[in-house]
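# A look at the structure
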Amino acid sequence: MRFKPATRCLAVAQHLKSIPYANQPFSAFFSTTSNIMALNGISTENGTHPLSAEDAAFPTPADSHKADRDDLGPRQVKNAIFTWVRPEKQQDAELLAVSPAAMRDLGLNLSEAETEEFREVVVGNKIIGWDEETLSGPGYPWAQCYGGFQFGQWAGQLGDGRAISLFEGTNPSTGVRYEVQLKGAGMTPYSRFADGKAVLRSSIREFVVSEHLHALGIPSTRALAISLLPHARVRRETIEPGAIVVRMAQSWLRFGNFDILRARGDRKLVRQLATFIGEEVFGGWNNLPGRLTDPEGKPGHEPPRGIPKETIEGPPGAEENRFHRLYREIIRRNALTVAKWQIYGFMNGVLNTDNTSVYGLSIDFGPFAFMDNFDPNYTPNHDDFALRYSYRNQATIIWWNLVRLGEALGELIGAGPDVDSESFVQNGLNFDDDVASKPIEERAHKLITQAGEEFKAVFMAEFKRLFTARLGLKNYKETDFDSLFDSLLNMMEALELDYNLFFRRLSSLKTADLQTEEARQKAADVFFSKVEGVPGPGTDEEKACKQVGEWLDKWRQRIEEDWSSEGADSDERVAAMKKVNPSFIPRGWILDEVIRRVEKEGERDVLKRVLHMATHPFEDAWTGKEFEDGPKGKGVYQGDKAEEERWTGDVPQQKKAMQCSCSS
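Cut-offs used in this document
- Residues numbered from 1 in each chain as written.
- Predicted model: local features only at pLDDT ≥ 70, side-chain atom pairs only at ≥ 80, totals over all residues.
- Heavy atoms only, no water.
- Core = buried A, V, L, I, M, F, W, Y, C linked by side-chain atoms within 4.5 Å.
- Buried < 20%, exposed > 50% of the residue type's maximum accessible area, 1.4 Å probe, protein only.
- Helix = DSSP H or I, 4+ residues; strand = E, 2+ residues; numbered from the N terminus.
- Contact = heavy atoms within 4.5 Å.
- Phe/Tyr/Trp six-rings, centres within 6.5 Å; stacked < 30°, edge-to-face > 60°.
- Lys NZ or Arg CZ within 6 Å of the ring centre and 35° of its normal.
- Polar contact = N/O pair within 3.5 Å; in protein donor to acceptor, adjacent residues only side chain to side chain.

### Some thoughts on the nonpolar core
The biggest cluster of nonpolar side chains holds 141 residues, and the ones touching the most others in it are Phe258, Ile277, Leu471, Leu506, Trp551, Trp555 and Leu607. In terms of residue count, the dominant contributor to this core is helix H9 (residues 322-344) (11 residues). If we ignore the near neighbours within four places in the chain, the residues touching Trp551 are Leu471, Ser483, Leu484, Ser487, Leu488, Met491, Phe502 and Leu506. If you look at the next biggest cluster of nonpolar residues, it comprises 35 residues, including Leu72, Val77, Ala185 and Met248.

What follows is the structure in structure tokens.
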């Protein structure tokens, strides 16, 4: 049986690419995905599904739809990857904002957000593709089952406790497939002790940061829309208003999907899930990375791809099969993403395995933050007393999570050339037979350890590439790491300099103005906050400026070497730096202000303004400039200039390094 779990429930992506539905009405988008399933022979009668991994309590959408909504609440779900479950009905929901960028990427006209159908779908009141009278249709909402290690400890069954996926489709103009889901749409079997709701506070935070990370070039889940639920009062630390965010991602699968299967010993579903990811999520086994020339050394090149499914690579004892290639693809994607986090000073705050994406996306935003003054020990999670998820530890924790994934896939990886033998497929690893099990265990251990070197190499290569770009250099030299990168971070920490403001302000400096020690010390003043003066308690102002000036001299010399003296101060160099150094970052204090103004003061446009800046973070200014995808579409954007200047300026001391809880 071909693996088609609920994460593929409304599309066969490879057949959607040729369908011209982009920029059609909202309903056309859904009907197209439904039609394609029918055209390609996938049974959709009464919502049946090719994968027998649905929750046995509600084996069909009709069974789930007939059930009382209260019967779809928390319980343990075994031998399943998903449960059919409908969103709770909402009354008088208010659509607060949509992301023009996400609408475009999904293939929808911005005007669709003004239709009643759109407003009903994005809060779960309408399920397109489902006939409530006949209890049949080509698609039905679902929630995933997964587990996870939280703060390093096994937490058991978790799952989509308040997220319900609606549909999946591919934008034919880009070829990108998205699974669209609602967060805060009601209880599911995976809600545990929670209520299935999301508060407005956390919903605004996720709505803005999802789109901002994407705009920075960091792989991330996306946010399409946010709606306020005026009748929902949600108990967290206090009573708060509820909201629903419409999220979308190329895949919502996480390491936790494997964790729960491994914990329950469900080796059959582990193999099916891995096969699905290789064939469907990543588009085929031939898209995965082949064996590196020197996998035990320091791989610094791109691996070959196009390796056939059955191909086994490597010497005896280290044979690499397709499941190891799958594991390495997940490793490489996550190494690239965490390197980008480090470069832009982003911290997820809760890097549990259930919050780590198989696709390598930034996912599930709770107590996240961007760095203010550079402090490698900073964590935005005020419950993270051990600093497990601090800036300094993020790459290490991602690898820790990847090792847990490797343990779940270990049997498949360790089987090497015998992974498709009838005996192994049926019986797997027999721990009672030392002779048969030892080679499998040793091979798995060797290959996972080997993959750790690949993780480090990919991470470091991306970190160096992006740091080089942020400093305005076209080419990386090995001496740059110590003389420029490391020394800059140490200086930032010692002098408490703002991490992202430093790079943006560096972008505008001219090397011609840095030719003397006096000139460099004068130029250094721009990096110190004008709110508090020279940062750092007890720091001598003259010594601080001298230290920055010494670093600026090294930077000046490298810029002139890299660009030549004539090009060092060219508009091209300045523009190149500004393209990678954002002027706007949605810092915690800005988001808190927006939340207060929306929730307490009834403002609405402020949310659209902060989103506009978040999705266009590299601009010098926004008001009065023409944009293709402004809040109202193409045209001259009219914002709040004073607000823009305040949000991109120095951060008040009392608003730096803010922390928040996991409650959302």
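### Topic: the packing of aromatic side chains
The full count for this structure, using the stated rule, is 29 aromatic pairs. Look at Phe502 and Trp551: their rings are 5.7 Å apart centre to centre, the planes differ by 70°, and that puts the pair in the edge-to-face class. Of this pair, Phe502 sits in helix H14 (residues 499-507) while Trp551 sits in helix H16 (residues 541-567), and the two are 49 residues apart along the sequence. Trp551 carries the same exposure label as Phe502, and that label is buried. Looking at Arg404, its charged tip hangs above the ring of Trp400, at a distance of 4.3 Å from the centre. The ring of Trp563 is capped by Lys474, whose NZ or CZ atom sits 4.4 Å from the centre of that ring.

### Description of the environment of His382
The residue His382 is located in the loop between strand S12 (369-370) and helix H10 (394-414) in this model. Owing to a relative accessible area of 36%, His382 belongs among the partly exposed residues under this scheme. Linking His382 and Gly349, residues 33 residues apart in sequence, is a C-alpha distance of 9.1 Å. Those residues in contact with His382 that sit more than four places away from it in its chain are Gln659, Cys660 and Ser661. Here the side chain of His382 touches Asp383 through a polar contact of 2.9 Å, side chain to side chain.

All quantities given are derived from atomic positions and should not be read as evidence of function.
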